[in-house]
Structures are given as C-alpha cells and as structure tokens.
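# Tertiary structure, described
Given next are the chains, with one letter for each unit.
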Amino acid sequence: MKKSDFPALDVFICTADPYKEPPIRLVSMALSVMAYDYPTEKISVYVSDDGGSQLTLFACMEAAKFASMTLPFCRKTKIIDRSPEAYLASNHSWSSDAKKIKIMYESMKVRVENVLNTGKVSEEYITNEQEHKAFHKWTDGFTRQDHSTVIQVLLESSKNKDITDYLMPNLIYLSRENSKTSFHHFKAGALNVLLRVSAAMTNAPVILTLDCDMYSNDPQTPLHALCKLLDPKLQSKIGYVQFPQMFRGINKNDTYGSEYKQNFQINPMGMDGLLGPSHVGTGCYFNRRVFFGGPSTFISPEITEIGPYHIVDKPIQSQQIMDLAHKVEECNYENNTKWGFKMGFKYGSLIEDHYTGYRQHCEGWRSIFCKPKRPAFLGDAPISLIDGLNQGQRWVIGMMQVGFSKYCPISFGTRSMGLIMGLTYAYYCALLGRLIPFTIYAFLPQLALLNRVTAFPKVCI
Ligand SMILES: O=c1ccn([C@@H]2O[C@H](COP(=O)(O)OP(=O)(O)O[C@H]3O[C@H](CO)[C@@H](O)[C@H](O)[C@H]3O)[C@@H](O)[C@H]2O)c(=O)[nH]1
Ligand SMILES: [Mn+2]
C-alpha cells in the first residue's frame, strides 16, 4: 500500500481532571501520537476535557508549540521514544538538538506546572489575540458541571507548518457543554461527543481511543494496527484492533496486583481464537463503521453528515463545519436519538469499554488482539491501595450491571455469539461471586484464632 493511500486517523484522548491527571502527561501522550511514523497530515488528535479546565487547554497550546520543534527532530533522528518525557529519561547521545529539546521541554514543564499551582493562566503566558479569546470563555459562571462548549483548533494541518516547513497534524481541544440538569454519561458520553465532533471535522475511517494517563511507546503502532484492520479477507467484519494495557512504574512484586495480566494479556489471547478480545478502553484502533450497527445492519445517524461514509470537503475552521461541530456537541443533542443505545459507545455500565466491545461482538463484529514485542502503549496503574480498591470496585459493579441487564452474556450473549464466546463474557460478570470466598477468607482465620478453633488442617510432620 502506498503512503498516500493510508487512511486518515482520528485520535481521541480523554481527560477529566487536571489535578488527578497531570496535564504534562497529557502533553506527552499527545506529542507521542502526533509524532507517529505516519503521514502527519492524516493524523487528527482530539483532546476531550471533561474537567472543563483552562489549565488543560493551556497545556494543549504548549503541546502545539512544542510540536513544531519536536516533530522535525523525531523525523530526522528516527528516535523510538516519541514521548518527550520518556526520551529525555532514556539513555541516548546528547546531540546539540537533543539538548535544545531538553531545555525547551523543561521550560514548558515549568510553565504548565506553574499554571497548575496557581490555578489560572496568567497574562504573561498568553502570547496572542487568539489565545486571549479562547481563555475569555472561562467567565465567572463557568464551572466544571455547568458551562458552554469550548472547541479550539490549536493546529490545522492545511495551515500550520513546523519549523522545517512540513505539514503538522490537526490538534483540537474540546470541552463539551455541560449542564447540571442533563446527564453526561461519564467517559462514554465524552467519547460519543468526540465521535460526532470528529465526524463533522475530519471523519477519519480509523479511530484510536486513548486515556490521558499513558503514552505511545512505539511510533510504528498505527502500521501494526492497520495490517490487521485492513486485512482484505476479514476487513468487512473487523470492528477493532485492541492492544494490551501495559504499565510502567509498578514495583517488582506488583503489591496491589495492578498489572491485571490476566485481563489485559492472557484472556485476550484466548478470546482472539474466538471472536476476538474484549475492549479495554484505551489503546484500541476502531473501524468507525463499528459504531453504526452490525456489519450487515447499518444504522444511519440522524444527520447524514456525521455518518461514517460522509467525506468532509471543507477546512476544519470553516463556518459550516464549526456550526455543525457545535450543534452535535450540545448536551441535549442525544435526547430522542439512538446514541448510547444502538449507536456509538454504549450507556448502562460503569465500564463502557467492556460493555461496548461486548455489544459489538453480539452485533456480529470481530476484533483482533495485537501484542507486539515492544509495548505499543505504556500507562500509569493505581499505585495506592485506595485507588486500586476504587478501580476494582468500579469494574466489578460495571460487570454486574452487564450481567443483570437484558443483554446478559448467558442468555443474550450465548444466543448472539455462540456458547463459548458467551461464556467467556459471562466469566467476567461472575467475578462478583468471588466476594463470598474472599469475605470468608478475610474473617475466618481471625475468628478461628480468637476462639481457639483450628480453621486449617493440621500439618503432620
Ligand atoms: O467523566 C469522565 C470520567 C473519566 N474520563 C476519562 O476516562 C479515562 C479512564 O478513567 P480512569 O478513572 O482512569 O479509569 P480506569 O479504571 O483507570 O480506566 C480503565 O477502566 C475504564 C472503565 O472501564 C476505561 O474507560 C479505561 O480506558 C480503562 O483504562 C480517563 O482518561 C479519564 O480522564 C472522562 O473522560 N470523563
Ligand atoms: Mn486510568
């Protein structure tokens, strides 16, 4: 396949709180994707900010400026670590260009962290009229739960060039409209807004979804994914290509079991022999069509321009495109539509990723597991006990919501996907069953000890 025939790629990065998810990490994530070994003008990065924070917008603006220096550097030196944070921490030769990048990165980091510490973007950091206008949207009444839309195009591929006069990717910041009176459906809601806004602006046939607490660890990843996604024998049925979630910074013994090797690496290998791995929320390349009904039952969205077959033929910032993007993003837009139920990411479970992948398998889609030797993405796992427990609790409740819904894997799943695949998903719902032996195990030894009863068989030596 010629490079010019590569499909366009829309990348979604979700963030929700600048204090829990440091914006400098988000910057690394965005830069590592913008520097993919892929035709730059075909990449569009959308950052969804559910925190509605000007601090996050500021970090994205810094990323856009920094990119015009680092993208040519990455192209020239062909370094593998494209996340500046990972590159600067690695062992490599310090050419004068690398030293310059280091100085620039560090001063950017100081600015981003200063803004975070003071809680606002001070005048000295605002460099032009356009930025001024963008930050003016944060009026007094602007709160995280109640605010109007912010869509800010920070880089436009057809206009912005890097310092070597080379095209840049698109970079768009988006904070969806939020109101106390309408329900926002957490990350699933954010992803559905991203699906519609990106359809209005670029409508790439391939979508990559990412969490902000990670970075791309291999610039060849889109090529690995596309080899599978565009396989001519299976293409019409492949919904997504899932990479495993892998982590950095976990201590040697993984004290809190945060690596979840079984869920992220072992089970998907087995499922790959059936209809394919479940979706794990991040590091996943989707065929855009998978969000609009099964492979042979296309569901058309309420506006044809946001359907998967529409070709965008106007510049991103043209009035018509911006009007459409604002319209499909409003918080009441989904009322009386099929979004979240028949279309897009599915609502109804705390683990929208697992549930959406499951429903797509039921609709007849296949998925593929892709685990190259070098981890494609590296993320942060919860490292404190409380965070680990909270995450586990959320996952178990989410699985239970699927198990007790009308789409229960044992009844609905086995009918739609076959017995084994249905049981594979049922296994996840049954995780709650562990509650009983775990609780007994937590209390029984202590009770036995206090009552001087032997709970375990005696060892005969
Ligand atoms: O209202 C919200 C809440 C969360 N997020 C984002 O969703 C992602 C995941 O949230 P996190 O709190 O990090 O949850 P984890 O349990 O660590 O995430 C795992 O589990 C989630 C639910 O199954 C998946 O969505 C994730 O991809 C998967 O990594 C983060 O990037 C958040 O910024 C939003 O965009 N909006
Ligand atoms: Mn996370």
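Computed from a prediction, not measured in an experiment: that's the story for all the values here.

All right, on to the UniProt feature "binding site: Mn(2+)" (unreviewed entry) in the protein then. With numbering aligned to this structure, UniProt lists the feature "binding site: Mn(2+)" (unreviewed entry) at Lys187 and Asp211. Taking the farthest pair of C-alpha atoms as the criterion, the annotated set spanning 25 residues converges on one region, since that pair is 10.0 Å apart. Secondary-structure assignment places lysine 187 in helix α6 (residues 186-201). Residue contacts for lysine 187: discarding those within four places in its chain leaves Cys14, Asp211, Gly281 and Glu352. Inspection of the secondary structure puts aspartate 211 in strand β5 (residues 206-211). Ignoring sequence-local partners within four residues, the contact set of aspartate 211 consists of Ile13, Cys14, Met29, Lys187, Gly281 and Thr282. Here the side chain of aspartate 211 touches lysine 187 through a polar contact of 2.9 Å, side chain to side chain.

In this section: the site of ligand 1. Around ligand 1, the structure places 20 residues, and the nearest of them are Asp50, Lys187, Asp211, Glu352 and Asp353. A distance of 2.9 Å separates an oxygen atom of ligand 1 from a polar atom in the backbone of cysteine 14. At 2.8 Å from an oxygen atom of ligand 1 is found a side-chain nitrogen or oxygen belonging to aspartate 211. In the complex, the protein chains occlude 84% of the 680 Å² of accessible area that ligand 1 would expose alone. Counting residues per element, the ones that place at least two in the shell around ligand 1 are β1 (9-15), α6, α10 (352-362) and α11 (385-403). Among the elements that take part in the shell around ligand 1, α11 stands out by supplying 3 residues, more than any other. Residues belonging to the shell around ligand 1 are distributed by class as follows: 7 nonpolar, 5 polar and 8 charged.

The N-to-C vectors of helix α1 (residues 23-34) and helix α2 (residues 54-77) enclose an angle of 40 degrees; their axes lie 9 Å apart at closest approach. Two packed elements cross with a definite hand, and for α1 against α2 that hand is right-handed. Between α1 and α2, the contacting residues are Pro23, Leu26, Val27, Leu31 and Met34 on the first element and Thr56, Ala59, Cys60, Ala63, Phe66, Ala67, Thr70 and Leu71 on the second. Class assignment for the residues of the contact of α1 with α2 results in 11 nonpolar, 2 polar and no charged.

Now for the packing of α10 against helix α13 (residues 419-429). Running from N to C, α10 and α13 point in directions that differ by 165 degrees, and their axes come no closer than 12 Å. In terms of axis orientation, α10 runs roughly antiparallel to α13. The hand of the α10/α13 crossing is left-handed. Packed against α10, whose contacting residues are His354, Gly357, Tyr358 and His361, the element α13 presents Met421, Tyr425 and Tyr428 at the interface. When its residues are assigned to classes, the contact of α10 with α13 shows 4 nonpolar, 3 polar and no charged.

With that out of the way, let us pick up unusual backbone geometry. Although it is not a glycine, tyrosine 260 sits at a positive phi angle of roughly 45 degrees. Within the chain, arginine 452 stands out as a residue other than glycine whose phi angle is a positive 55 degrees. If you trace the backbone, arginine 452 turns up in the segment after α14 (435-450).

Tallying each qualifying case throughout the model produces 18 salt bridges. Measuring nitrogen to oxygen at the nearest pair gives 3.5 Å for the salt bridge that ties arginine 25 to glutamate 85. One end of the pair, arginine 25, is in helix α1; the other, glutamate 85, is in helix α3 (residues 84-89), and 60 residues separate them in sequence. Overall, glutamate 85 belongs to the partly exposed group, its relative accessible area being 23%. Here arginine 25 ties to aspartate 380 by a salt bridge, and the two come within 2.7 Å at their closest N and O atoms. Placement of the pair is arginine 25 in helix α1 and aspartate 380 in strand β13 (residues 377-380), with a sequence separation of 355 residues. Owing to a relative accessible area of 25%, arginine 25 belongs among the partly exposed residues under this scheme. Given a relative accessible area of 25%, aspartate 380 falls into the partly exposed group.

What counts as what
Residues numbered from 1 in each chain as written. Chains lettered and ligands numbered in written order. Predicted model: local features only at pLDDT ≥ 70, side-chain atom pairs only at ≥ 80, totals over all residues. Heavy atoms only, no water. UniProt positions renumbered as here; feature names shortened; annotations may be inferred. Helix = DSSP H or I, 4+ residues; strand = E, 2+ residues; numbered from the N terminus. Contact = heavy atoms within 4.5 Å. Polar contact = N/O pair within 3.5 Å; in protein donor to acceptor, adjacent residues only side chain to side chain. Near = heavy atom within 4 Å. Areas by Shrake-Rupley, 256 points an atom, 1.4 Å probe, with all protein chains shown as cover. Nonpolar A, V, L, I, M, F, W, Y, C, P; charged D, E, K, R; others polar. Axes fitted to C-alpha atoms, helices over the stretch in contact; angles between N-to-C directions. Left-handed = near helix turned anticlockwise from the far one by under 90°. Parallel < 35°, antiparallel > 145°, perpendicular 65-115°, else oblique. Salt bridge = Lys/Arg side-chain N within 4 Å of Asp/Glu carboxyl O. Buried < 20%, exposed > 50% of the residue type's maximum accessible area, 1.4 Å probe, protein only.

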